[in-house]
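One-letter residues, chain by chain:
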Amino acid sequence: MTSLTSWSRLTPVPSSPLRTTATWSSVPHGSRKCHCRPLTTCRRVTRGALTPGELRLKRTSPIMSFINRNLFSKKLKGVSAADGHREPGWRLFGRVPPSNPKVALKENERGAQAGDSPSPRQSVRKNLEFEPLSTTALILSTAQRTCQRSQQRRLRKHQQQYEEMVAQAKKRGSGSCYCLCAELREAQKRKKQLEDRVKQEENIGNAALTWSQEILPNWTTMCSSKRVKELWWQGVPPSVRGRVWSLAIGNDLNITHELYDICLARAKERWNASSAPSTTTDTDTGDAGSSHADREASLELIKLDISRTFPSLCIFQKGGPYHDVLHSILGAYTCYRPDVGYVQGMSFIAAVLILNMHTADAFIAFANLLNKPCQMAFYRVDHSLMLTYFAAFEVFFEENLPKLFAHFKSNNLTPDIYLIDWIFTLYSKSLPLDVACRVWDVFCRDGEEFLFRTALGILRLYEDVLTHMDFIHNAQFLTRLPEHINAHTLFSSIAAVSMSCRNRKWTQVLHTLQKDPERASPVLKR
């Protein structure tokens, strides 16, 4: 008996209108012409030699008779060669379905009159109008139709994209070249900004190592060196900013963490008492009633001011991660300095410290910072001392920006209109947060003088704009500065400001005005 694996599977090939006969020749398995599944050899239809019917007659093996009877179709006697010419391409089925159903019915009747006793499989096959000759051909035909449909979809999509591009080009018209150049310049600008940011981050990383490994361990000996001052001007790295601010501000009040806990406990008692029903009677003294009213006003003002502190960050508002921390520091300070209490604007200073320090350290720095002469004069609303600071500012204003100074004088725009808000919040409300922290860096190094120097730098930066505005627009512009202010541009403007007038420094001018507050600034020029 011949082995089953020695026989090959038959696959059809396109019929040719020039020749109707086909031969079967051996094709090595795995070759490029082989389309079958793994077998030892395969046979493919070629032109010439024997027909499939003649080849089946020569095979007398019972196994092959069974295979041919169950796997491949029999040649129909009623189908002529001319019918095969009308079927171009792959022949997917063993017989061509008749166009007239009566023909198929007559064929079935002739088979029944012959008296054959077909097997169950043959009975099933006779009920079919056609029988499959090759599964591979069916798959290839389906794949071909799918490929054609996907190709048509891609062509329609490309055509649609092309039409959209043409429509956009027609809209741009002659300005398309200009738009392309503008897009190229914008891409180059973004690339340069990215490179500058990467370079800036590298500089910040290197500076952080210098501060943490060289400067902070030797703070007392290096804090006043020229190199450290230059690094200070460039900006303290955020990773060490809290430690540098704590050392620069100092702790002249000798506040400890335990004192903060005591003040916080008292503040919580007041909060609980204020939330409870009032027990004040008619026998209470007027001072007690006034003190209670002041405490109530301070607590309400703290709640209101916290909700307006850096609203864009959404971290200090109710429900935010730093709401309770900010509330605790402000409440503890009202208990630590009841003579000062809470003043609107303190929340911004406390919030900046919280972002860079731990809670107790932030409270210590907050109390010592507000204890400085300039801040205490403003927060305690010392009018005479505030006017002295304004007069000293005007001296350097006239010295550095005479044209803008004369314009402000002609419009009766006094410094208190814009300086109070800047000094009360130390620019944390007026400037972007990152720029304000840069201002704080140098303020911790140079003191109150730098606050007024920064004000002159802002006026110098926008001098051309301010000189063409009237009183109302100038006041609106200075109380609400532009949101996007570049730190490098601002500090370049600040560096151009000279804090020397007739060989007199800021402290000398301020002391002269404090001794004789009745004198105006022109006296200093005599």
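Residues numbered from 1 in each chain as written. Predicted model: local features only at pLDDT ≥ 70, side-chain atom pairs only at ≥ 80, totals over all residues. Heavy atoms only, no water.

Remarks on the overall build of the chain
Part 1 of the reasoning: On a plain count of helices and strands, the chain comes out with 25 helices and three strands.
Part 2 of the reasoning: By residue count, 36% of the 526 residues in the chain fall in the buried class. (Helix = DSSP H or I, 4+ residues; strand = E, 2+ residues; numbered from the N terminus. Buried < 20%, exposed > 50% of the residue type's maximum accessible area, 1.4 Å probe, protein only.)

Section: the pattern of salt bridges
Part 1 of the reasoning: Here the structure, examined in full by the defined rule, presents eight salt bridges.
Part 2 of the reasoning: A salt bridge links Asp441 to Arg241, with the nearest nitrogen and oxygen atoms 3.0 Å apart. Separated by 200 residues along the polypeptide, Asp441 in helix α20 (residues 433-446) and Arg241 in helix α10 (residues 238-249) bring together distant segments of the chain.
Part 3 of the reasoning: As a salt-bridge pair, Arg308 and Asp305 come within 3.5 Å of each other at their nearest N and O atoms.
Part 4 of the reasoning: Assessed through its relative accessible area of 3%, Asp305 is described here as buried.
Part 5 of the reasoning: Within the structure, one salt-bridge network assembled from shared partners comprises Arg337, Asp339 and Arg380. (Salt bridge = Lys/Arg side-chain N within 4 Å of Asp/Glu carboxyl O.)

Quick notes on the packing of aromatic side chains
Part 1 of the reasoning: Enumeration over the complete set of coordinates arrives at 29 aromatic pairs.
Part 2 of the reasoning: For the pair Trp233 and Phe450, a centre-to-centre distance of 6.1 Å together with 85 degrees between the ring planes defines the contact as edge-to-face. Within this pair, whereas Trp233 is found in helix α9 (residues 226-234), its partner Phe450 is found in helix α21 (residues 449-461), the two being separated by 217 residues in sequence.
Part 3 of the reasoning: For Phe450, a relative accessible area of 1% translates into the label buried.
Part 4 of the reasoning: Here Trp233 and Phe491 contribute two aromatic rings whose centre-to-centre distance is 5.2 Å and whose plane-to-plane angle is 80 degrees, an arrangement assigned as edge-to-face. Here the residue Trp233 occupies a position in helix α9, and Phe491 occupies one in helix α24 (residues 487-495), the gap between them amounting to 258 residues.
Part 5 of the reasoning: Overall, the relative accessible area of 22% leaves Trp233 in the partly exposed class.
Part 6 of the reasoning: When its relative accessible area of 3% is taken as the criterion, Phe491 is described as buried.
Part 7 of the reasoning: The cationic tip of Arg438 hangs over the ring face of Phe491; the distance from NZ or CZ to the ring centre is 4.3 Å. (Phe/Tyr/Trp six-rings, centres within 6.5 Å; stacked < 30°, edge-to-face > 60°. Lys NZ or Arg CZ within 6 Å of the ring centre and 35° of its normal.)

Some thoughts on the packing of α9 against α20
Working note: a packed helix pair is described by the angle between its axes plus the distance between those axes.
Part 1 of the reasoning: Close contact between α9 and α20 brings their axes to 8 Å; oriented N to C, the two are set at 150 degrees. Compared by their axis directions, α9 and α20 come out roughly antiparallel. For the pair α9 and α20, contact is made by Lys229, Trp232, Trp233 and Gln234 and by Arg438, Asp441, Val442 and Arg445, respectively. (Axes fitted to C-alpha atoms, helices over the stretch in contact; angles between N-to-C directions. Parallel < 35°, antiparallel > 145°, perpendicular 65-115°, else oblique. Contact = heavy atoms within 4.5 Å.)

A look at the confidence of the model for the chain
Part 1 of the reasoning: Averaged over all residues, the pLDDT of the chain is 75; the fraction at 70 or higher stands at 63%.
Part 2 of the reasoning: Confidence, expressed as mean pLDDT per element, reaches its minimum in the chain at strand β1 (residues 10-11) with 41 and its maximum at α21 with 97.
Part 3 of the reasoning: A low-confidence stretch, residues 119-140 stays under pLDDT 50, and its non-local contacts, those more than four residues away or across chains, total 36 contacts.
Part 4 of the reasoning: Every residue in residues 520-526 is under pLDDT 50, and counting partners more than four places away or in other chains gives nine contacts. (pLDDT = per-residue confidence, 0-100.)

Focus on a positive patch on the surface
Part 1 of the reasoning: The grouping of Arg149, Arg153, Arg154 and Arg156 at the surface amounts to a positive patch.
Part 2 of the reasoning: Looking at the secondary structure, you find Arg153 in helix α6 (residues 135-172).
Part 3 of the reasoning: According to the relative accessible area criterion, Arg153 is partly exposed, its value standing at 48%. (Patch = residues over 30% accessible without salt bridge, like charges linked within 9 Å, V, L, I, M, F, W, Y side chains within 5 Å. Areas by Shrake-Rupley, 256 points an atom, 1.4 Å probe, with all protein chains shown as cover. Lys, Arg positive; Asp, Glu negative; His and termini not counted. Charge placed at Lys NZ, Arg CZ, Asp CG, Glu CD.)

Quick notes on the nonpolar core
Part 1 of the reasoning: The biggest cluster of nonpolar side chains holds 97 residues, and the ones touching the most others in it are Met346, Phe366, Phe397, Tyr418, Leu431 and Leu459.
Part 2 of the reasoning: In contact with Leu431, other than residues within four places in its own chain, are Ala436, Val439, Ile458, Leu481, Ile485 and Leu490.
Part 3 of the reasoning: Counting 12 residues, the second largest nonpolar core, distinct from the first, contains Leu216, Met222, Leu231 and Val240. (Core = buried A, V, L, I, M, F, W, Y, C linked by side-chain atoms within 4.5 Å.)

Section: unusual backbone geometry
Part 1 of the reasoning: Even without glycine at this site, Asn412 takes up a positive phi of about 60 degrees.
Part 2 of the reasoning: By relative accessible area, Asn412 is classed as exposed at 62%.
Part 3 of the reasoning: If you check the backbone angles, Tyr427 has positive phi at about 70 degrees while not being a glycine.
Part 4 of the reasoning: Assignment of secondary structure puts Tyr427 in the loop between α19 (416-424) and α20.
Part 5 of the reasoning: A relative accessible area of 0% places Tyr427 in the buried class.

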